[in-house]
Amino acid sequence: MSQSLAPAPRRPAIVAALCVAALAVTGLTGAAPPSEPALRATALPYQDPSLPVADRVGDLLSRMTLDDKLGQMTQIEKDSLVPQSDLATHRIGSVLSGGDSTVSPNNAQTWADTYDSLQRTALGTPLGIPVIYGIDAVHGHNAVRGATIYPHNIGLGATRDPALVQRIGRAVAEEMAGTGIDWDFAPCLCVARDDRWGRTYESFGEKPELPTSMATFVTGLQGTTLGADPASVLATAKHYIGDGGTSGGVDQGNTQLTEAELRALHLPPFQEAVRRGVGSVMLSYSSWNGVRSHAHKYLVTDVLKGELGFTGFVVSDWAAVDQLDGQPGFTGAEITTAVNAGVDMVMVPYDYRKFLTLLRGEVSAGRISQARVDDANRRILTKKFQLGLFERPLTDRSYTSGVGSAAHRAIAREAVRESQVLLKNDGGILPLAKGAKVFVAGKSADDIGNQSGGWTMGWQGRSGPITEGTTILQGIRAAVTDPSQVTYDRYGNGIGGSYTAAVAVIGETPYAEGRGDRPNGMGLDQEDLSTLAKLKASGVPVVVVLVSGRPLDIAAQLPDWKALLAAWLPGTEGNGVSDVLFGDHAPTGKLPMTWMRSASQQPINDGDGKTPLFPYGHGLTYGATPDPDPEPTPSACTAQFRTVASWSGGYQAEVTVKNTGTGPLTGWNVAWDLGGSTVSSLWNGSLTVSAGRATVRNTAHNGALSPGATTSFGFTANGPTGTPATQCAGS
């Protein structure tokens, strides 16, 4: 259907919403739309964009039946809608595309057509409440062939560039807007503490400060005000809470920490996302000390919604509510547990008829209160109104042609080169001369799928030419003066002694959670080892480009390599790697994870006393000669005080301690005048108070700080807020 005949796209217009108003009055969902003057005369308050959102929500709620409300709390996979009219019949509030959900042909136009078709079905209900459509666009609009694929979060963490991450968020939002999809299940703000975990690459880093700083992605997706422009997309902070801290790095496992440790390590990124106005939070499959997050009312309702002041809505993860009793199939008890814990929308995702029957039964029996149902609906509908879905329900096709645009690919290439971490460079072999004769080998040298990783054109990802982009080999050939001087063989066959360097692009093949867990070793596979052996035998200096979603166990092979460049999972713009290899840009990336000497050290993290192969924050560059014996400056640290939240009679604060010296700290303490306040709770430190002055000392796990490293502690207090002068001393 042409744009002129369709309901309003995402641009300022109210015709479609007013059509629905007339239908609500007449009750005729199939009637022809009346003229525009008649529409204006019959518009209802909730369809008046000039009214405050809270008033519109209140008016709409007053008109909704119980079935309308229960439908808003239901999210289903688009392919489960058989027939599609069930979307309207059951008043479904949200649709998603799971990791392997696609359209045919897979392009932006088809995705937009699919979205608009579903949205028109939803608008055909008496109240005309639009659906909100969710997808895991975790490193670009990664389900859409031809979209720009950015480095996974571990690489973005290596950039230490929050402003770049915000720009990436904006670019992703624009490509999503071009397909109509208005809700991104991103960013992942997990703090990955064990590299054996298969989702390590979804983490920006192992210390809470790094994912916290990268919550700028939320602002990139949503804008400074949700819905202020047509490309605004609802963001999701996930997975709340502690999924990166499970014992043994087991996916969906158990995080065994004290509350103070949980708050110190895993809560700060979510605090920052809430501060930035994130619209939704997705819960984690994992448990905290044996209690699943989806059943944890204290963490979800008391801490997230209460203490942190989160006003958006909470969505469950894929079929996670179904897991609460450990048995297949929904039960009413599971639904009640999750909803009463604070889940506002349940990602069913398939058997929505059974789910709605059970949910209705639990509400009718009083086990879920009408007030809880209304609260969930108020949260969901508020975001739909703020996004402008009632006024702009359909795809804004002006963004569709921008999917995979040159401008977005340029941002991705910038991100790739900023994410490269140079770990070894013996003899200054890098950068390579553009006139050098180079042999390229390795399974990931000419493979878009491998360099993009999981969650790319499918949940687990796959090897091969899965989408458009530039492979690392193509980037190398484009960078050199004479492409004929570059020879490629995946397995290293045919190399001779005449080459300046052999570039081995090796590492992991794609995976996602579950399949990506590596409890039994984290070394290179047999193909990589065989390829490396052939290159070593030639006598040509070997430069390794490691394509992986985490640090790997490579200490035994490292002496054979002249250089090692951690490329992480760079996405579609492999020329960002060659930009660094050939010196167009010097490497600036810093390790977001501590690099193990062997897998037996896992979990290994900064400050835990274990000796790594490369420490957290390590990263070389070109032309710099570090002082081999820098003079340490002991006891140099700063403490930055920030008020996180305040209320009548009290406040919550966070203090960030930074080692500003050139030598390591083994401990620290921070002191300040309380100014009449009294500390009521404190985490990540030990408190003493004397003569109105508070002193907080490090705990056993956060006292050791390498130069430039930071940690933080937090507290709640009764009394007036302020910004006291802090004094930091290190030892």
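Residues numbered from 1 in each chain as written. Predicted model: local features only at pLDDT ≥ 70, side-chain atom pairs only at ≥ 80, totals over all residues. Heavy atoms only, no water.

Caption draft 1: Here's a closer look at the overall build of the protein chain. Helices and strands together make up the secondary structure of the protein chain, namely 21 helices and 25 strands. Taking 731 residues into account, the globule formula puts the C-alpha radius of gyration at 27 Å, and the protein chain, at 27 Å, falls close to it. Its C-alpha atoms give the protein chain principal-axis dimensions of roughly 80 × 75 × 45 Å. When the 731 residues of the protein chain are sorted by exposure, 60% land in the buried category. For the protein chain, the share of sequence-separated contacts (at least 6 apart) that also reach a separation of at least 24 residues comes to 77%. For the protein chain, the accessible area works out to roughly 25000 Å², and carbon and sulfur atoms hold 52% of it. (Helix = DSSP H or I, 4+ residues; strand = E, 2+ residues; numbered from the N terminus. Rg over C-alpha atoms; globule rule 2.2 N^0.38 Å. Buried < 20%, exposed > 50% of the residue type's maximum accessible area, 1.4 Å probe, protein only. Contact = heavy atoms within 4.5 Å. Areas by Shrake-Rupley, 256 points an atom, 1.4 Å probe, with all protein chains shown as cover.)

Caption draft 2: Summary view of the pattern of salt bridges. One pass over the full model with this rule turns up 40 salt bridges. With its nearest N and O atoms 3.3 Å apart, the salt bridge here joins Asp375 to Arg379. In this pair, Asp375 and Arg379 both sit in helix α16 (residues 370-387), four residues apart, roughly one turn of the helix. Since its relative accessible area comes to 13%, Arg379 is described here as buried. Where Asp426 meets Lys424, a salt bridge forms, and the shortest distance between an N and an O atom there is 3.7 Å. (Salt bridge = Lys/Arg side-chain N within 4 Å of Asp/Glu carboxyl O.)

Caption draft 3: Here's a closer look at the side chain of Ser94. Checked against the element boundaries, Ser94 lands in strand β2 (residues 94-97). When its relative accessible area of 0% is taken as the criterion, Ser94 is described as buried. Side-chain polar atoms of Ser94 contact the backbone oxygen of Ile132, separated by 2.7 Å. (Polar contact = N/O pair within 3.5 Å; in protein donor to acceptor, adjacent residues only side chain to side chain.)

Caption draft 4: Examining the environment of Ala192 more closely. Structurally, Ala192 is set in the loop between β4 (183-184) and α9 (209-213). For Ala192, a relative accessible area of 0% corresponds to the buried category. Taking the C-alpha atoms as reference points, Ala192 and Pro349, 157 residues apart in sequence, are found 27 Å from one another. Residues in contact with Ala192, not counting those within four places in the same chain, are Trp197, Thr200, Ser203, Gly205, Glu206, Gly244, Met593 and Asn605.

Caption draft 5: View of the sheet that holds strand β24 (residues 710-718). The sheet built from four strands is open, its strands ordered β18-β19-β24-β21 with antiparallel pairing. Looking at the sheet topology across the chains shown, the edges are occupied by β18 (637-647) and β21 (678-683). On average, each strand axis in the sheet is inclined to that of its neighbour by 25 degrees, with strand direction left out of account. As judged from the 10 bridges shared by β18 and strand β19 (residues 650-659), these two strands associate in the antiparallel manner. (Pairing = 2+ DSSP bridges. Axes fitted to C-alpha atoms, helices over the stretch in contact; angles between N-to-C directions.)

Caption draft 6: The arrangement of the nonpolar core in detail. Among the nonpolar cores identified, the biggest contains 165 residues, and Tyr240, Val503, Leu581 and Trp595 are the most heavily contacted of them. No other element matches the seven residues that helix α8 (residues 162-177) contributes to this core. Each residue touching Leu581, except ones within four places of it in the same chain, is listed here: Leu430, Pro431, Leu432, Ile476, Val503, Val543, Val545, Leu565 and Tyr622. In terms of nonpolar packing, the next biggest core, distinct from the first, is built from 20 residues, Tyr651, Val655, Leu705 and Phe713 among them. (Core = buried A, V, L, I, M, F, W, Y, C linked by side-chain atoms within 4.5 Å.)

Caption draft 7: Fine view of the state of the cysteines. Considering all chains together, one arrives at one disulfide under this definition. You can see Cys188 has no disulfide; the closest cysteine sulfur is in Cys190, sitting 3.1 Å from it. (Disulfide = S-S within 2.5 Å.)

Caption draft 8: Molecular detail of the packing of aromatic side chains. If you walk through the whole model with that rule in mind, you get 18 aromatic pairs. Here the aromatic rings of Tyr201 and Tyr511 are separated by 5.5 Å at their centres, their planes lie at 65 degrees, and the arrangement is edge-to-face. Highlighted residues: Tyr201 in the loop between β4 and α9 and Tyr511 in the loop between β15 (501-507) and α20 (526-538), separated in sequence by 310 residues. Aromatic side chains Tyr651 and Phe715 sit 6.1 Å apart centroid to centroid with 75 degrees between the ring planes, which places their arrangement in the edge-to-face category. Highlighted residues: Tyr651 in strand β19 and Phe715 in strand β24, separated in sequence by 64 residues. Accessibility expressed as a relative area gives 4% for Tyr651, which makes it buried. (Phe/Tyr/Trp six-rings, centres within 6.5 Å; stacked < 30°, edge-to-face > 60°.)

Caption draft 9: Highlighting the environment of Thr148. Take Thr148: it is sitting in the loop between β3 (132-135) and α7 (153-159). Setting aside residues up to four positions removed in sequence, Thr148 forms contacts with His139, Gly140, His141, Glu175, Gly404, Ser405, His408, Arg409, Ala412 and Thr572. In this structure the side chain of Thr148 is engaged in a polar contact, spanning 2.8 Å, whose partner is the side chain of Glu175.

Caption draft 10: Up close: the pairing of strand β13 (residues 438-441). The alternating pattern of β13 places Val438 and Val440 and Phe439 and Ala441 on opposite faces, both of which are buried. With three bridges joining them, β13 and strand β14 (residues 486-488) adopt parallel strand pairing. Opposite Val440, over in β14, you have Tyr488 as the bridge partner. Note that β13 and β15 share four bridges and pair parallel. By the bridge assignment, Phe439 is partnered in β15 with Ala502.

Caption draft 11: Local environment of the sheet that holds strand β8 (residues 287-288). The strand order across the open sheet built from three strands is β6-β8-β9, with neighbouring strands paired in mixed fashion. The outermost strands of the open sheet, each flanked by one partner alone, are β6 (254-255) and β9 (291-292). Of the strand pairs in this sheet, β6 and β8 are connected by two bridges, and their pairing is parallel. Bridge pairing in β8 links Thr255 to Trp288.

Caption draft 12: Highlighting the packing of helix α3 (residues 53-63) against α16. Two elements in contact, α3 and α16, have axes separated by 9 Å at closest approach and are oriented at 130 degrees. In terms of their interaxial angle, α3 and α16 are classed as oblique. In terms of crossing hand, the pair formed by α3 and α16 is right-handed. Taken together, the residues of α16 that come into contact with α3 (itself represented by Val53, Arg56, Val57, Leu60 and Leu61) are Asp374, Asn377, Arg378, Leu381, Thr382, Phe385 and Gln386. (Parallel < 35°, antiparallel > 145°, perpendicular 65-115°, else oblique. Left-handed = near helix turned anticlockwise from the far one by under 90°.)

Caption draft 13: Expanded view of helix α13 (residues 297-307). All of the buried residues in α13 are Leu299, Val300, Val303, Leu304 and Lys305. Down the axis of α13, the sector holding all buried residues measures 165 degrees, keeping them to one side. Note on α13: the residue one or two positions beyond its end, Gly309, has a positive phi of about 75 degrees. (Arc of directions from axis to C-beta.)

Caption draft 14: Representation of the packing of helix α11 (residues 259-266) against α13 within the structure. At their nearest, the axes of α11 and α13 sit 14 Å apart, and the two run at 55 degrees to each other. The pairing of α11 with α13 is recorded here as oblique in orientation. The handedness of the crossing between α11 and α13 comes out as right-handed. On α13, the residues that touch Glu259, Leu262 and Arg263 of α11 are Tyr298, Leu299, Val303 and Glu307. Split into classes, the residues belonging to the contact of α11 with α13 amount to four nonpolar, no polar and three charged. (Nonpolar A, V, L, I, M, F, W, Y, C, P; charged D, E, K, R; others polar.)

Caption draft 15: Molecular detail of the environment of Gly574. By secondary structure assignment, the location of Gly574 is in the loop between β17 (563-568) and α21 (575-581). Gly574 sits in the buried class, given a relative accessible area of 0%. Expressed as a C-alpha distance, the spacing of Gly574 and Leu283, which sit 291 residues apart in the sequence, is 33 Å. Contacts of Gly574, omitting those with residues within four sequence positions, involve Gln451, Thr470, Thr471 and Ile472.

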